[in-house]
Every structure is written in structure tokens, then in C-alpha cells.
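Spelled out, the chains give:
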Amino acid sequence: MEPIAFVDLQAQYRRLKPAIDERIARVLAHGQFILGPEVRELEERLAAFAGCRHAITVSSGTDALLMPLMAYGIGSGDAVFVPTFTFGATAEVVVQVGATPIFVDVEADSCCLDVADLARCIAGARARGLRPAAVIPVDLYGQPADYAPIQRLADAEGVRIIADGAQSYGGSLGGRRVGSLAPVTAVSFFPAKPLGCYGDGGALFTDDAALAEVLRSIRVHGAGPAKYELVRVGINGRLDTIQAAVLLVKLDAFAAELERREAVAQQYHRLLGNHVAVPRCRPAATSAWACYTIQVEDRDRVKSRLQAAGIPSMVYYPRPMHLQVAYRGYGAGAGSLPVAERLSARVLSLPIHADLDADTVARIAAGVVAATRS
Ligand SMILES: Cc1ncc(COP(=O)(O)O)c(C=O)c1O
């Protein structure tokens, strides 16, 4: 039987090869490898797709999270609230600017930030003498977090929102796409993401022209209007022109790929919905389906049985942030954020991508049903 890829970038390349090769060749010919014309073209198209005024492409999703923290001057004495059930980058940028990460529990069904727990954590941070400065909701697995109640609480508490949309570009909430759901949104173009380049890459989205200008300056070492004038401390945060060229081609195919991902998710729902806990979107939300993550008892046994049947699966994530060696000093230990702790023992992500055909989805689903039988 054909081996199954978890994410099949080779199949996507075969489908898009002539256009990708041609776009890359154009960059090689004009030679503007840094901030070349493709970068500006991509930013315009990304912003239009997201329904947002400004897109600033950057070197990675991680730098996309770091830069708004720098732009807002968040640092020592500030508390930044981060869901504990996330990828490490969401937390590390907080420590890098000298602020204190406060880990927040998540909802059992969406796996995204729990607003009630955020309120508890904000009060707790104040009691410790920290200034509640920002919250970084994560659109885990591709579905936007529940931004309306988060925004209401953040406004009431004077807390900024920096959306971690690393996994969710293409997803939507209430008819608005990721990039236009929060005052500033960080996105990743890591190769395996729903929209991915051929290396590291990312983007920031905002409607705020003044913030966009500061972010563009931070992206180039804190540059001012004149050459070699530095008006703030920045980083080297640019997206390579070659990556922009790749993304322009992939963006042409993106809407159709999102439809295909949705169809795969619907097929999994139908085949697995009576057997395991399947991921469901909130009524007003659509997911970019970066991951299709089921919840099962005895997850590690199910995973090994799938592996034996030739079906790849991944665990995102086996350990919440507050229990990681690097971050446990910021948390209250095992038992303190129980929903995320339980999820980390139950979640299992199945293959999902635009080149996955219906027969293979059926084979994977049958494998899951067999692997979860006792
Ligand atoms: C939730 C989340 N945040 C941040 C990142 C960081 O993105 P990048 O790998 O592009 O730096 C990722 C990427 O894996 C992610 O999944």
C-alpha cells in the first residue's frame, strides 16, 4: 500500500511546479533578494485576502510575535497572558522582551484560550504587583480563538491583544478572516502550515497605520526614514524575496486548497464522529485546518497502533507550557491548569492537506476506528 504522508509538500509542488519555478527564476534574474518587488506584491495580496489594511511580511511566525511586543514597549514588570496549550514560540518571545508569561488554561472542546481563566489570571497578576499588559490568544489547529469576549475583557482591563494566528491564516470568525479579527495578528508561513513557504517566513496584520510603520521599522533594525538612521532598537526580521515568490503562487491556489481541507475535515467528521471526539468549529467560525485533532483515551497506544498500520499521526502538544522545564518557574505546577493537562494526554492529529484523496482519508479513518477498539 502507498505510504501516507502527514503533510504532502511534494504532491503540492508537483501540482504548482511550473508557476513556482517560473516565479523563482524571475527573482534569480532581477537579483533583488532582499525586499524585492515580490515582497510588496505579496503584502498587498495577503492584506486583501485577510480583509485588513496592512500586511508586513517577516522572517518567521516567531518574529511576528516578538515584533508587536517590541513595538508596544512591553518588558520588565509587565504580565503577558499566554495559553499554556501552545507551541513554545508563543511563550518564548514574552521572556525575550523581559516580561513575565502567565499561563492560562484552555477550553476542552476548541483547545483555545479560556476567557474565564484569563480573567482569573489577570486578577492574579495584579495581586502579584505585575502590570497586565497583553494577551496572546492562539488560534490552535487553525480555528480562531473566541475573540469577541477576549476583546471585551481586554478592553475592560486595559490589556492589548496580539493574536497568534500562526496556524490559522485562511480561517474566519463571523465572516471576517484571520488578520482582521484582532488589533494585530501574527501568522507563520512555516512549510507545513496551511499557507507555507520553502523555509521560514511569517507576516503581521493590522489596520493601524502607525503600528504598521513601527513594525516595518523594527523589521529593518529600527531604521528611520534616512539611510542608516536608527530610531529604535529592531531586529533583522525580513522575509526573503524568493519566499515571497513561492507564497505568491501558493496564494493563487490557497482558496481552493482551503476548500479541499474543509472537505477532508468533513469526511473525517462523518467517518469518525461516532467513534472518537472530533474537532468541531464554533458556529460562526471556519478553520484553516492546520491540524485535524481528535481526542482519545489511551492516546499513546492508539498512536502506536496507527503507526503499525502505516498511518502517521502527531501529538500537538504532549506537554503544556507550565510543565516544561524551561517555563515551570512561571507556573504553579501539575494540577494548576487541568484542562490543558488532560488535553495533552488525549490529543492526536491526523494527516490533513489539500492533496489528500478521499480513499486515503477513508483508509486513515478505518485505521483510527480499529486502533481505538479495546
Ligand atoms: C501556535 C504557534 N505559534 C508560533 C509559531 C512559530 O512560527 P514559526 O515556526 O514560523 O516561527 C508556530 C509554528 O509552528 C505555532 O504553531
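We now turn to the structure provided with this report. (Residues numbered from 1 in each chain as written. Predicted model: local features only at pLDDT ≥ 70, side-chain atom pairs only at ≥ 80, totals over all residues. Heavy atoms only, no water.)

1. Points about the packing of aromatic side chains
Now for step 1: For the coordinates displayed, the defined rule picks out 14 aromatic pairs.
Now for step 2: For the pair Phe49 and Tyr169, a centre-to-centre distance of 5.5 Å together with 40 degrees between the ring planes defines the contact as tilted. Pair noted here: Phe49 is in helix α2 (residues 37-50) and Tyr169 is in the loop between β5 (160-164) and β6 (172-173), with a separation of 120 residues, a long-range link. Grouping residues by exposure puts Phe49 and Tyr169 together as buried.
Now for step 3: Joined through ring pairs, the aromatic side chains of Phe6, Phe85, Phe87, Tyr316 and Tyr317 make up one cluster.
Now for step 4: Directly above the ring of Tyr72 sits Arg160, whose terminal nitrogen or CZ lies 4.0 Å from the centroid.
Now for step 5: The positively charged end of Arg177 is found above the aromatic ring belonging to Phe49, 3.9 Å away from the centroid. (Phe/Tyr/Trp six-rings, centres within 6.5 Å; stacked < 30°, edge-to-face > 60°. Helix = DSSP H or I, 4+ residues; strand = E, 2+ residues; numbered from the N terminus. Buried < 20%, exposed > 50% of the residue type's maximum accessible area, 1.4 Å probe, protein only. Lys NZ or Arg CZ within 6 Å of the ring centre and 35° of its normal.)

2. A look at the packing of helix α5 (residues 115-127) against helix α6 (residues 147-157)
Now for step 1: Their axes nearest at 10 Å, the elements α5 and α6 cross at an angle of 20 degrees. Taken together, the axes of α5 and α6 lie roughly parallel to each other. As for how α5 packs across α6, the hand of that crossing is right-handed. Where α5 abuts α6, its residues Val115, Leu118, Ala119, Ile122 and Arg126 lie against Pro149, Ile150, Leu153 and Glu157.
Now for step 2: Of the residues contributing to the contact of α5 with α6, the split by class is seven nonpolar, no polar and two charged. (Axes fitted to C-alpha atoms, helices over the stretch in contact; angles between N-to-C directions. Parallel < 35°, antiparallel > 145°, perpendicular 65-115°, else oblique. Left-handed = near helix turned anticlockwise from the far one by under 90°. Contact = heavy atoms within 4.5 Å. Nonpolar A, V, L, I, M, F, W, Y, C, P; charged D, E, K, R; others polar.)

3. Regarding the site of the ligand
Now for step 1: The environment of the ligand is made up of 17 residues, and the closest members are Gly61, Thr62, Asp164, Ser188 and Lys193.
Now for step 2: Contacts to the ligand include Gly61, whose backbone N or O atom sits 2.8 Å from an oxygen atom.
Now for step 3: One nitrogen or oxygen atom from the side chain of Thr62 is found 2.5 Å from an oxygen atom belonging to the ligand.
Now for step 4: Coverage of the ligand by the protein amounts to 93% of the 390 Å² it exposes when considered alone.
Now for step 5: Listed by contribution, the elements that provide at least two residues to the shell around the ligand are α3 (61-71) and α4 (89-96). (Near = heavy atom within 4 Å. Polar contact = N/O pair within 3.5 Å; in protein donor to acceptor, adjacent residues only side chain to side chain. Areas by Shrake-Rupley, 256 points an atom, 1.4 Å probe, with all protein chains shown as cover.)

4. Some words on the pattern of salt bridges
Two side chains with opposite charge may pair up if their charged atoms get near one another.
Now for step 1: All told, the structure shown has 16 salt bridges when counted by the stated rule.
Now for step 2: In this structure, Arg40 and Glu43 form a salt bridge, with 4.0 Å as the shortest nitrogen-oxygen distance. Of this pair, Arg40 and Glu43 both sit in helix α2, three residues apart, roughly one helical turn.
Now for step 3: The exposure class of Arg40 is partly exposed, given its relative accessible area of 44%. (Salt bridge = Lys/Arg side-chain N within 4 Å of Asp/Glu carboxyl O.)

5. What to know about the side chain of Ser217
Now for step 1: Residue position: Ser217 is located in helix α7 (residues 209-219).
Now for step 2: Among the polar contacts made by the side chain of Ser217, one reaches the main-chain carbonyl oxygen of Ala223 at a distance of 2.9 Å.

6. Some details on the nonpolar core
Nonpolar side chains in soluble globular proteins tend to end up buried together.
Now for step 1: Phe81, Phe85, Leu118, Tyr268, Leu272, Tyr292 and Ile294 are the most contacted members of the largest nonpolar core, which totals 62 residues.
Now for step 2: Counting residues per element, this core draws most heavily on helix α11 (residues 358-372), which supplies six residues.
Now for step 3: Two domains each put at least three residues into this core: domain 1 (9-248) and domain 2 (254-372).
Now for step 4: Core analysis: the next-biggest nonpolar cluster, separate from the first, contains 34 residues, Ala64, Leu69, Leu204 and Leu215 among them. (Core = buried A, V, L, I, M, F, W, Y, C linked by side-chain atoms within 4.5 Å. Domains from an automatic or database assignment.)

7. Topic: α5
Now for step 1: End to end, α5 covers 19 Å across 13 residues, agreeing with the expected 18 Å (1.5 Å per residue, within 8%).
Now for step 2: Every buried residue belonging to α5 is among Val115, Asp117, Leu118, Cys121, Ile122 and Ala125, and all of these are buried. Axial view of α5: buried residues confined to an arc of 145 degrees, hence all on one face. Residues of α5 that are exposed and point over 90 degrees away from its buried face: Ala116 and Ala127.
Now for step 3: In this fold, the buried residues of α5 make contact with β2 (78-83), β3 (100-104), β4 (131-135) and α6.
Now for step 4: The N-cap residue of α5 is Asp114: its side-chain oxygen and the backbone nitrogen of Ala116 are 2.9 Å apart. (Expected span 1.5 Å × (residues − 1). Arc of directions from axis to C-beta.)

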